[in-house]
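Results of the structural survey
Below are the chains, spelled out letter by letter.
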Amino acid sequence: MSFISRGFRGKRRDTASSSRLPPGQYVVNDFPVLSAGPTPRIPVAEWSFVIEGEIDKPRSWTWDEFRKLPTEQVTKDIHCVTKWSKFDTGWTGVSVDTLMEGVDTAAEFVIEFSYGGYTTNLPLDDVTGGKAWVAFEFDGQPLHPEHGGPARMLVPHLYFWKSAKWIRGLRLVNEDHPGFWETNGYHNYGDPWREQRYWGD
Amino acid sequence: MARTAVLGRLIWQFGTVAELVQETPKVASLILDVPGWTGHLAGQHVDVRLTADDGYQAQRSYSIASPPEDSRLAITVERLDDGEVSPYLVGEVRTGDKVELRGPIGGYFVWRGDDERPVLLVAGGSGVVPLMAMIRHRAANHLKTPTRLLYSSRSYEDIIYRAELDRLASAGDGLTVAHTLTRMQPAGWTGYARRLDSAMLAEVAWPKAQAPIVYVCGPTPMVENAASLLVEMGFDPASVKTERFGATGG
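For the structure given in this document, a descriptive report is provided here.

Conventions used here
Residues numbered from 1 in each chain as written. Chains lettered and ligands numbered in written order. Predicted model: local features only at pLDDT ≥ 70, side-chain atom pairs only at ≥ 80, totals over all residues. Pairing = 2+ DSSP bridges. Helix = DSSP H or I, 4+ residues; strand = E, 2+ residues; numbered from the N terminus. Axes fitted to C-alpha atoms, helices over the stretch in contact; angles between N-to-C directions. Contact = placed C-beta atoms within 7 Å. Core = buried A, V, L, I, M, F, W, Y, C linked by C-beta atoms within 7 Å. Buried ≥ 20, exposed ≤ 12 C-beta atoms within 10 Å, placed from the backbone. Domains from an automatic or database assignment.

Moving on to the sheet that holds strand β3 (residues 45-51) of chain B. Residue and element names in this part refer to chain B. The sheet built from 6 strands is open, its strands ordered β4-β3-β6-β1-β2-β5 with antiparallel pairing. Each edge of the open sheet carries a strand with a single partner, namely β4 (57-63) and β5 (73-78). Strand-to-strand, the axes of this sheet are offset by a mean angle of 40°, without reference to chain direction. Inspection of the sheet shows strand β1 (residues 13-24) paired to strand β2 (residues 27-33) by 7 bridges, in the antiparallel sense. Looking across to β2, one finds that T24 is bridged to V27.

Printed below as a string of structure tokens:
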């Protein structure tokens, strides 16, 4: 290491937690909030979730229909591009595999789109195969609007901006279309273990 | 959404501390010489990386306080007593030290000054920093864009950039500054003396018919509150840009 910040010691972690921590991240115990605008308030009576785009017939669920789908409880580490990571977060949600069951599509990419206008893009393979959920509970409690309630995406293997809050649906697309942060300087894919924070990383 | 100034790969660069300005008891500005700095927009931030002698590293993000016009790059940092990086930047760093950084980062919470719309800036604590870059950018270009800052601090001593804000607001070029002090007020204080609320916003904010662009930056509860109130008042949510500072870990 050529450069040393004179007088800097830092707060070291034990080895067990450091092996769970992607490069450049630090551990928090609270749950910071990050959003680019005001928090939308969506009554569940007006909420629906759709899968559209490259699909023969769009699928949609009202809140009641969505809540009748089989759910999963998952415990995941999450990593925000602003450097905080939070270990062992508990979620209840519907697997995207459940929502996509029987869907035949040639699409290779997906756009998560939200109430309030937020979008984020990723390869379809990153939301299928047990990697992504539409989550509606955090730590056993209904998801607070600040954290994306009534429901948000949970794609914990990517930086957390890829887990859209206030999710309204998934659009299946043949070509990749950079979303909100992806057009504002942030990496198109966002793998925390490869520290893909910004364009060119 | 238009592409912005952040184009190439963001490489780690060295900044040399040319000057330290103690802004308040807990807040200092680091004025850095960064050779090869390619410029930034008002509202953007940088990542700072510290390296200990055994190679251990820590990174945090800090808003840029200087306008794009300045030859030096300024960041303003609030010392969080249980933080990891901020107690080093506010307390340990001396002039002549080198700090590793990369940026500029963020293409959304920015103000270019090429917009006719009036501007409402709402700041809580050190959330004023990116908004100050906008105010300085406005002043450096002699822009007359009608601009109002509503700035919430704990006490008079905690007001960051107080003298400079007083000076800029007295220029009579369309900038007004309203302070609220939430915990303690000096004798004879004539500003607001409570947490930000709808009556305060209604007095300070532009009428929604003027379609202002709004930037809100501060701790999460304050930002959530201000942004929600503005939406309730009828402001277009798409014109309200927010940036939140977690009080965590910095």
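In sheet architecture, strand pairing relies on hydrogen bonds along the backbone and comes in two forms, parallel and antiparallel. Residue and element names in this part refer to chain B. Strand order in this open sheet of 5 strands is β9-β8-β7-β10-β11, and the pairing throughout is parallel. Each having just a single partner strand, β9 (175-181) and β11 (240-245) make up the two edges of the open sheet. Pairwise comparison of adjacent strand axes, ignoring direction, gives a mean angle of 10° for this sheet. Contacts from helix α2 (residues 128-140) reach β7 (119-124), β8 (147-153), β9, β10 (213-219) and β11, with the element oriented near 150° to β8.

Formed by 111 residues in total, the largest nonpolar core has its most connected members in A:V134, B:L30, B:L121, B:L131, B:V214, B:V216 and B:A226. When residues of this core are assigned to their parent elements, the largest contribution, 7 residues, is made by α2(B). Both domains that furnish three or more residues to this core are identified here as domain 1 (13-105) and domain 2 (119-245) of chain B. Excluding its chain neighbours within four sequence positions, the residues that come into contact with B:L131 are B:L121, B:A123, B:L149, B:Y215 and B:C217.

These results come straight from atomic positions and should not be treated as a statement about function.
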